[in-house]
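Residue-level structure breakdown
Below are the chains, spelled out letter by letter.
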Amino acid sequence: MRTRLVLASAAMGAALLTGGTVATAQATPASSDTSMTTAAAPIANSWIYVGTYRTHRACYNDGKNSVYSEWECRPTSSGKWQLWVNDES
């Protein structure tokens, strides 16, 4: 039971680090206009999980005192708060 819990936690942590999605390759329709080329920019997931706090005030204080200009405290289902920072800010 403990091994399954550890493996499930590791999988969830990896999913959070990769943005929780798995990219799949799909064919794009070919354009008949060859004079114009467009490239789609990849979507970057720059939000980083910092930690979990018992109170919103503790989360808020750490976010406010961080070196990042963009951060947010997100509520969890257990009533705790998670601090997330934007690595690009």
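**A look at the state of the cysteines**
On inspection of all chains with the given rule, the structure shows one disulfide. At a sulfur-sulfur separation of 2.2 Å, the disulfide partner of Cys-59 is Cys-73. Across the disulfide from Cys-59 to Cys-73, rotation about the S-S bond amounts to roughly -110°, and the bridge is consequently left-handed. Of the two residues, Cys-59 sits in helix H2 (residues 56-64) while Cys-73 sits in strand S2 (residues 71-75), which places them 14 residues apart along the sequence. Assigned by exposure class, Cys-59 and Cys-73 land together as buried.

**Some remarks on the side chain of Ser-46**
Here Ser-46 is to be found in the loop between helix H1 (2-17) and strand S1 (47-53). Of note is the side chain of Ser-46, whose polar atom sits 2.7 Å from the side chain of Asn-86.

**What to know about the environment of Glu-88**
Note that Glu-88 resides in the segment after strand S3 (81-86). For Glu-88, a relative accessible area of 59% gives the class exposed. Sequence separation of Glu-88 and Ser-46 is 42 residues, and the distance between their C-alpha atoms is 6.3 Å.

**Some words on the pairing of S3**
Two elements, S1 and S3, share six bridges in a ladder whose sense is antiparallel. Paired with Thr-52 across the bridge in S3 is Gln-82. As judged from the five bridges shared by S2 and S3, these two strands associate in the antiparallel manner. Within S3, the residue paired with Glu-72 across the bridge is Trp-84. With antiparallel pairing between neighbouring strands as the criterion, S2 and S3 make up a hairpin whose turn holds five residues, including Gly-79 at a positive phi of roughly 90°.

**Some points on the pattern of salt bridges**
In this structure the tally under the stated criterion is one salt bridge. Between Arg-74 and Glu-72 there is a salt bridge, with the nearest N and O atoms lying 2.7 Å from each other.

**Some thoughts on the environment of Cys-59**
Taking relative accessible area as the criterion, Cys-59 reaches 0% and is therefore assigned buried. Each C-alpha atom of the pair Cys-59 and Cys-73 lies 6.1 Å from the other, and the pair is 14 residues apart in sequence. In contact with Cys-59, not counting residues within four places along its chain, are Tyr-53, Cys-73, Trp-81, Gln-82 and Leu-83.

**Some thoughts on the sheet that holds S1**
Overall, antiparallel pairing links the three strands, which are arranged S1-S3-S2 in an open sheet. Edge positions in the open sheet fall to S1 and S2, since each of these has one partner strand only. The mean angle between the axes of side-by-side strands here comes to 25°, regardless of whether they run parallel or antiparallel.

About the thresholds
- Residues numbered from 1 in each chain as written.
- Predicted model: local features only at pLDDT ≥ 70, side-chain atom pairs only at ≥ 80, totals over all residues.
- Heavy atoms only, no water.
- Disulfide = S-S within 2.5 Å.
- Helix = DSSP H or I, 4+ residues; strand = E, 2+ residues; numbered from the N terminus.
- Buried < 20%, exposed > 50% of the residue type's maximum accessible area, 1.4 Å probe, protein only.
- Polar contact = N/O pair within 3.5 Å; in protein donor to acceptor, adjacent residues only side chain to side chain.
- Pairing = 2+ DSSP bridges.
- Salt bridge = Lys/Arg side-chain N within 4 Å of Asp/Glu carboxyl O.
- Contact = heavy atoms within 4.5 Å.
- Axes fitted to C-alpha atoms, helices over the stretch in contact; angles between N-to-C directions.

Geometric descriptors of this kind do not, in isolation, establish any biological role.
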